[in-house]
Structure formats: structure tokens, C-alpha cells
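# Fold and contact review
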Amino acid sequence: MGFDIRPAIAVTMGDPAGIGPEIIVKSMARREILASCRPVIIGDRSVLQRAIDLLAADLRITTVEEMPDRDPASGELYLKPLSDLAPQDMEYGKPTAAGGDAVFRYITEAARLCLKGEVDAMATAPINKEAMNAAGHHYPGHTELLAELTGTDNFVMMLAGSRLRVTLVTIHEALADVPRLVTFDKVLATIRTTNGDLARYFTPRPRLAVLALNPHCGEGGMFGNEDQDIIRPAVEAARSEGIDATGPLSADTLFHLAVKGDYDAVICMYHDQGLIPLKLLHFDDGVNVTLGLPIIRTSVDHGTAYNLAGKGIASEESMVAAIKMAAEMAVVRQTRKA
Ligand SMILES: NC(=O)c1ccc[n+]([C@@H]2O[C@H](COP(=O)([O-])OP(=O)(O)OC[C@H]3O[C@@H](n4cnc5c(N)ncnc54)[C@H](O)[C@@H]3O)[C@@H](O)[C@H]2O)c1
Ligand SMILES: N[C@H](C(=O)O)[C@H](O)COP(=O)(O)O
């Protein structure tokens, strides 16, 4: 049994100075979005209207307090307004603390709506983390903020495209800190969470590749001991729990095999180990998914792109893919419950 009506998806507007509002408007003009879900934007009326005007989109805003239990009419855009930004706080390419505070409220409200079951999932447009921190909200990104809001200890960042999925053991960390943060517990927790949520939403028995930290898996200790001393035991522990994990595997060749189809996801030790190959293949349509949360959250795989903001030329493909994936995950969850 699926939904009686399409799943409700809260779409947070992202940094008002970036491309978020315009890629949302472009996405909402796409037939496939309304065919898959009932979106409600959490954001700012003036900023959204500016994006509609910029793109000359045939859309009109309906302000809502609660998620309506009917599909929007053709061209109707549901907006839950949470800010009323002044002109100086919505200038293209100029992030401000007021904008950073607004995005914090959009994300917090979307998470609350998900936790209360008023919407089925959330999809986020890009934020500027520096602006959010300047407003006093000290989080490296959405992922860590949502983990705190939902009381989640074991959360994992996944970026996914049709050819490759990567998950990360460490996320927004200085590279110099990574070796210290790659611990047995963290690697094992990442494998478990990746396995659990991939099985729940994407593929019944995930085949997981676990990458080495060092070149050639440390070459017997010549280039580091983490692979043999930490990652290998964590993979063995996961295998003893019945998880189909293999590793540590040399990162340089592994992506070639994963893209050929040998693995359903690649577990990477640090941000750019995974995100460089992912964005190389899927910059246009990749989706960022936070695994391990009690709610469904997806996002674009790119940032605020200030160099494009206000020009109307930024691609909406990743936003479209993120909203559609959130809706698909909500349907899978609903079907499982029934
Ligand atoms: N999900 C998120 O909220 C998220 C993700 C990544 C980066 N960020 C934030 O965004 C800000 C800028 O980061 P950055 O410069 O590293 O990355 P960025 O993704 O904003 O820009 C990198 C390059 O990609 C281009 N680009 C990005 N999105 C595009 C799109 N939709 N269509 C066409 N071209 C696009 C930009 O023009 C730029 O040349 C930072 O504050 C960063 O923290 C947020
Ligand atoms: N690491 C992500 C990327 O490069 O796409 C990005 O920073 C998003 O992080 P949050 O989803 O935590 O904001």
C-alpha cells in the first residue's frame, strides 16, 4: 500500500544570496516534480517571488501555515514563510548573518515537520555554512545540525548517482585530523549505517567496498598502519555480523570497479576521497542523502554558486533529483509500514 495522495516534501530554500531559490523555482516548473510529490517550500516570500520573476516562471505563491492535504493546483507553489528578509540580506552573492539565521530556521522547521509526520521527507537547497555560523549556529553543515535535531549519534553522509554511491567515515574535517578520527568504532558504525539504510531504501543486500586510507592499503606498513590495524578489523567485524563488506581496498582502482557494478556503495575515509569521483561523474544529478536519521533528508550535491546567482542559468538537475529521491524514499518507507 502506498500513499493516498503524493508524499509531502518540505523543500528548504537555502541561502537567499545563492542559487537555491532559482533552482527550486526551476524544479517546481518541471512536471515530474508535481507528478511525484506535494512540495512545500520553507523560505522567504520576497526571495522566492524574485526568483519567479527572474525566470518569468508561470507560478504563483500560496502561503500556508500547515501542509495542505490536497495537491497544489497547476502553477501553485506552497510556501511556508519563516523569514521576511530585508533587501540588503538578499543581495545576490552577498551572504549575511541574517540570511544564515533564516536558513537555520528553515532547516529546523523542516526537521520538525518531518519528526511530527506533517511532511514525509525534506530536501534541502544549498546553504553557506559560514553565514549560518556567523548567525551563531555553530554547525559544519545540514548533516550535523539534523543529527542534533533528531538526536542521532550514528549518521552518515551519502552522495548518490545512478553509477556510484559513496558514504563517508569522516565528513567536514580538516585533512590533518582525519587519521586520528578514523577509528575502529567509527568505521564499523559507518559500515552498519550504510548497510542498514541502503537495505531499507535502495537495495536489499548491499555489496559494500571499504576503502583504505593510505596508498596501496599502506603497503604492509610502509605508508601507514591504519589500513591493517583499524580498517581491516572493522570490516571483519562487519562481516561477522553478516554484512557483505569487503576491504580495505586501494582507493585508486576501486572506483573503476564500483562504477562497473561490482559494489552498491563505496565507504570512503574522508570527504574528498569520495566526493571527487562522485562529482566527476554526477555533478549535474547527484544527490546528498543523510543516512541513519529517523527522518528522510536529501539535498543537492553542490553549493551556493554565488558566481551564478541571479543569472537564471544554474542547473536544477540535482535539486530535481533530490526532491524525487526524497519522494521515492518516502514511498518505500510507507510501503514497508503497510
Ligand atoms: N548542500 C549544501 O548546502 C552545500 C553543498 C556544497 C557546498 N555548500 C556551500 O556552498 C558554498 C560554495 O561552495 P563551493 O564554491 O565549494 O561549491 P559550489 O558547488 O557552490 O560551486 C563550485 C562550482 O560549481 C558551479 N555550480 C554549483 N552548482 C551549480 C549548478 N546548480 N549549476 C551549474 N553550476 C553549478 C559553481 O558555479 C562553481 O563554479 C560554501 O559555503 C559551501 O559550504 C553547500
Ligand atoms: N559535503 C557536501 C558537499 O560537498 O556536497 C556539502 O558540504 C553538504 O553538506 P551538508 O549536507 O551537511 O550541508
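This report concerns the structure included in the present document. (Residues numbered from 1 in each chain as written. Chains lettered and ligands numbered in written order. Predicted model: local features only at pLDDT ≥ 70, side-chain atom pairs only at ≥ 80, totals over all residues.)

### Quick word on the site of ligand 1
- Neighbouring residues of ligand 1: 19 residues in total, closest Pro126, His302, Gly303, Ala305 and Ser315.
- In terms of residue class, the shell around ligand 1 is built from eight nonpolar, nine polar and two charged. (Near = placed C-beta within 6 Å. Nonpolar A, V, L, I, M, F, W, Y, C, P; charged D, E, K, R; others polar.)

### A few points about the sheet that holds strand E12 (residues 297-300)
- As summarised here, the arrangement of the twelve strands in space is E3-E4-E2-E1-E5-E12-E11-E6-E7-E10-E8-E9, forming an open sheet in which the pairing is mixed. Looking at strand neighbours, the two that pair on one side only are strand E3 (60-63) and strand E9 (245-249), the edges of this open sheet. Taken pair by pair, the neighbouring strands of this sheet meet at an average axis angle of 30°, ignoring direction.
- Here three bridges tie strand E11 (residues 287-291) to E12, and the two strands are oriented antiparallel to one another. Pairing of Val289 across the sheet is with Thr298, part of E12.
- Packed on one face of the sheet, helix H11 (residues 271-282) meets strand E6 (156-160), strand E7 (165-168), strand E8 (208-211) and strand E10 (265-268) and runs near 165° to E7. (Pairing = 2+ DSSP bridges. Helix = DSSP H or I, 4+ residues; strand = E, 2+ residues; numbered from the N terminus. Axes fitted to C-alpha atoms, helices over the stretch in contact; angles between N-to-C directions. Contact = placed C-beta atoms within 7 Å.)

### Overview of unusual backbone geometry
- At the junction of Gly247 and Pro248, the peptide bond is cis and its omega measures out at 0° in the coordinates.
- In this fold, Pro248 is placed in strand E9.
- Residue Cys217 is not a glycine yet carries a positive backbone phi of 55°.
- When you line up the elements, Cys217 lands in the loop between E8 and helix H9 (226-240).
- Classification of Cys217 by C-beta neighbours within 10 Å gives buried; the count is 21. (Buried ≥ 20, exposed ≤ 12 C-beta atoms within 10 Å, placed from the backbone.)

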